[in-house]
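Commentary on secondary and tertiary structure
As a plain string of letters, each chain reads:
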Amino acid sequence: NPPGPLVVPTLADEQLTAEYVEMVVGLVGGPDPQRSDFRIAATAMHGVGAKLLRRCLSEAGFTSLSFVPSQEHPDPDFPTIPFPNPEEAGATDLLVALATETQAEIALATDPDADRLAVAIPDPHSGGFRLLTGDELGALLATGLLERRAGEGLLEGSAASDATAGSARRPLLVTTVVSSQLLHRIAEAAGTAFEETLTGFKWLCRPGFEHPEYEQVLAYEESIGYAVGGLCDKDGIAAAAVVCDLVRSWRAQGRSCHDVLDGIARQHGAHVTNNFSLRVSGVGWAERLQKLTKELIANPPKEIAGIAVGRIDQPAADVIRLFLVNGDRVVIRPSGTEPKLKCYCEAVEPIAANESAQAGVA
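These numbers were taken from a predicted model, which means no experiment stands behind them.

In this section: the pairing of strand β7 (residues 193–197). Sheet topology note: the strand β6 (residues 170–176)/β7 ladder contains five bridges and is parallel. For L173, the partnering residue across the bridge sits in β7 and is F194. At this point the chain moves from β6, through helix α6 (residues 182–190), to the parallel β7, and the crossover so formed is right-handed.

Following this line, the structure appears as structure tokens:
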């Protein structure tokens, strides 16, 4: 049969787009032409994000922006990448090459529908660029946004807090049960509200709705999804604008992203994550995966790598978290979409005042 008529998608009208751009620019305090010297490399990974990301950043004042040319326009075949996910090995190779060529201060990758964001930063140790983990970017966003609130007198104990007492809601940080424990440490130190939820933004943004006395500052999941400010879903473009503005502000203070990460590690310990999956294949994989999960939950290990398990909790019927006595943690759950048992491992290592966060990784 011959193909049917071509269906042309309906595009949002310009007023809606303009309102979105205004919202994103508002997240960084409005336009500022002094941002024009901040060099950014970006890729849309053959997705839909390039045009709107360029517009949002440009209207905020970030005009030194270069896109990977071969990945800037939508292409459902994704011809230049092994898999259209910024977290996959090799997916950001062209972005890093562009960032190196243009001497960018940050490299941004939105996934094809632009709701997730990956960030690479110059690495003083290797001389190249290093892709941040989702948890590292979450810690940087939380730290930077809380620093700004403190400077504006919107955090308890900040210099101007007495003048604003009673006028601001308590800030809220939210992450998932499989994300790093670091956000909880940051929230405790800052005296902010903190919530953990199941994975997915249908859960992550509920605490903000359920607690009108709180003001959501950041909700994020380790799989590079970020809702900055009061957004109720992950948004890679909004997160990109905010992280660029934070990094530029730190530069003006004489700090790099690595300096900020080192400061976080010295205060809270280096939180090093390593996630992997065990694939279950063959006929009847779903039943076998369910059985494997049930057996593990019914008979969890008493120690891992020779370190005793001090506490166990079960955030959902098919999720188990093992907290080791030294502060490390392992989370195990089946994938909701693939024949995999997913494992999230985290080691926590104290960092001395004269050490880099990389010492914990080593």
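Before going further, it helps to examine the packing of helix α4 (residues 134–151) against helix α10 (residues 257–268). Orientation of α4 relative to α10, taken along the N-to-C sense of each, is 90 degrees, at an axis distance of 10 Å. Taken together, the axes of α4 and α10 lie roughly perpendicular to each other. Mapping the contact onto sequence places E136, A139, L140 and T143 in α4 and C257, V260, L261 and I264 in α10. Class assignment for the residues of the contact of α4 with α10 results in six nonpolar, one polar and one charged.

The next subject is the sheet that holds strand β1 (residues 40–43). The five strands are arranged β2-β1-β3-β4-β5 in an open sheet whose pairing can be described as mixed. Looking at strand neighbours, the two that pair on one side only are β2 (65–67) and β5 (129–131), the edges of this open sheet. Between one strand and the next, the sheet's axes are offset by a mean angle of 25 degrees, whatever the strand orientation. Packed on one face of the sheet, helix α3 (residues 93–102) meets β1, β2, β3 (106–110) and β5 and runs near 160 degrees to β1.

Okay, α6 next. Among all positions of α6, only L182, L183, I186 and A187 are buried. Buried positions in α6, seen along its axis, are confined to an arc of 140 degrees and lie on one side of it. Pointing more than 90 degrees away from the buried face of α6 are the exposed residues E188 and A189. Looking at the residues trailing α6, positive phi occurs at G191, about 75 degrees.

Here we take up the nonpolar core. Within soluble globular proteins, side chains that are nonpolar generally end up buried alongside one another. Core analysis: the biggest nonpolar cluster contains 82 residues, and I40, I106, L108, V119, L141, L173 and V243 have the highest contact counts within it. Ranked by residues supplied to this core, first place goes to helix α9 (residues 236–252) with 11 residues. Residues contacting L141, with those up to four places away along its chain left out, are L218, Y226, V228, V242, V243 and L246.

By secondary structure assignment, the location of T43 is in strand β1. What T43 contacts, discounting residues up to four positions off in sequence, is F67, V68, Q71, L95, L108, A109 and T110.

Below, the discussion takes up the sheet that holds β6. The strand order β7-β6-β8-β9 describes an open sheet built from four strands, whose pairing is mixed. Edge positions in the sheet fall to β7 and β9 (225–228), since each has one partner strand and no second. On average, adjacent strands in this sheet sit at an angle of 20 degrees to one another, irrespective of strand direction. Here β6 runs beside strand β8 (residues 214–221); their pairing, made up of six bridges, is parallel. Along β8, the bridge assignment pairs R170 with Y214. The strands touched by α4 are β6, β8 and β9; relative to β8, the strand with the most contacts, the crossing angle is about 160 degrees.

A few words now on the packing of aromatic side chains. Note on aromatic pairs: each is described by the distance of the centres and the angle between the planes. Taken as a whole and assessed by the stated rule, the structure comprises two aromatic pairs. Aromatic side chains F38 and F62 sit 5.8 Å apart centroid to centroid with 65 degrees between the ring planes, which places their arrangement in the edge-to-face category. Taken together, the positions of F38 in the loop between α1 (14–27) and β1 and F62 in the loop between α2 (50–60) and β2 put the pair 24 residues apart, joining distant regions of the chain. We classify F38 as buried; its relative accessible area is 0%. Ring geometry for Y220 against Y226: centres 5.8 Å apart, planes inclined by 15 degrees, an arrangement best described as stacked. Cation over ring: R311 sits above F323, and NZ or CZ is 3.9 Å from the ring centre.

Conventions and cut-offs
- Residues numbered from 1 in each chain as written.
- Predicted model: local features only at pLDDT ≥ 70, side-chain atom pairs only at ≥ 80, totals over all residues.
- Heavy atoms only, no water.
- Pairing = 2+ DSSP bridges.
- Helix = DSSP H or I, 4+ residues; strand = E, 2+ residues; numbered from the N terminus.
- Right-handed = clockwise from strand over helix to strand, strands pointing away.
- Axes fitted to C-alpha atoms, helices over the stretch in contact; angles between N-to-C directions.
- Parallel < 35°, antiparallel > 145°, perpendicular 65-115°, else oblique.
- Contact = heavy atoms within 4.5 Å.
- Nonpolar A, V, L, I, M, F, W, Y, C, P; charged D, E, K, R; others polar.
- Buried < 20%, exposed > 50% of the residue type's maximum accessible area, 1.4 Å probe, protein only.
- Arc of directions from axis to C-beta.
- Core = buried A, V, L, I, M, F, W, Y, C linked by side-chain atoms within 4.5 Å.
- Phe/Tyr/Trp six-rings, centres within 6.5 Å; stacked < 30°, edge-to-face > 60°.
- Lys NZ or Arg CZ within 6 Å of the ring centre and 35° of its normal.

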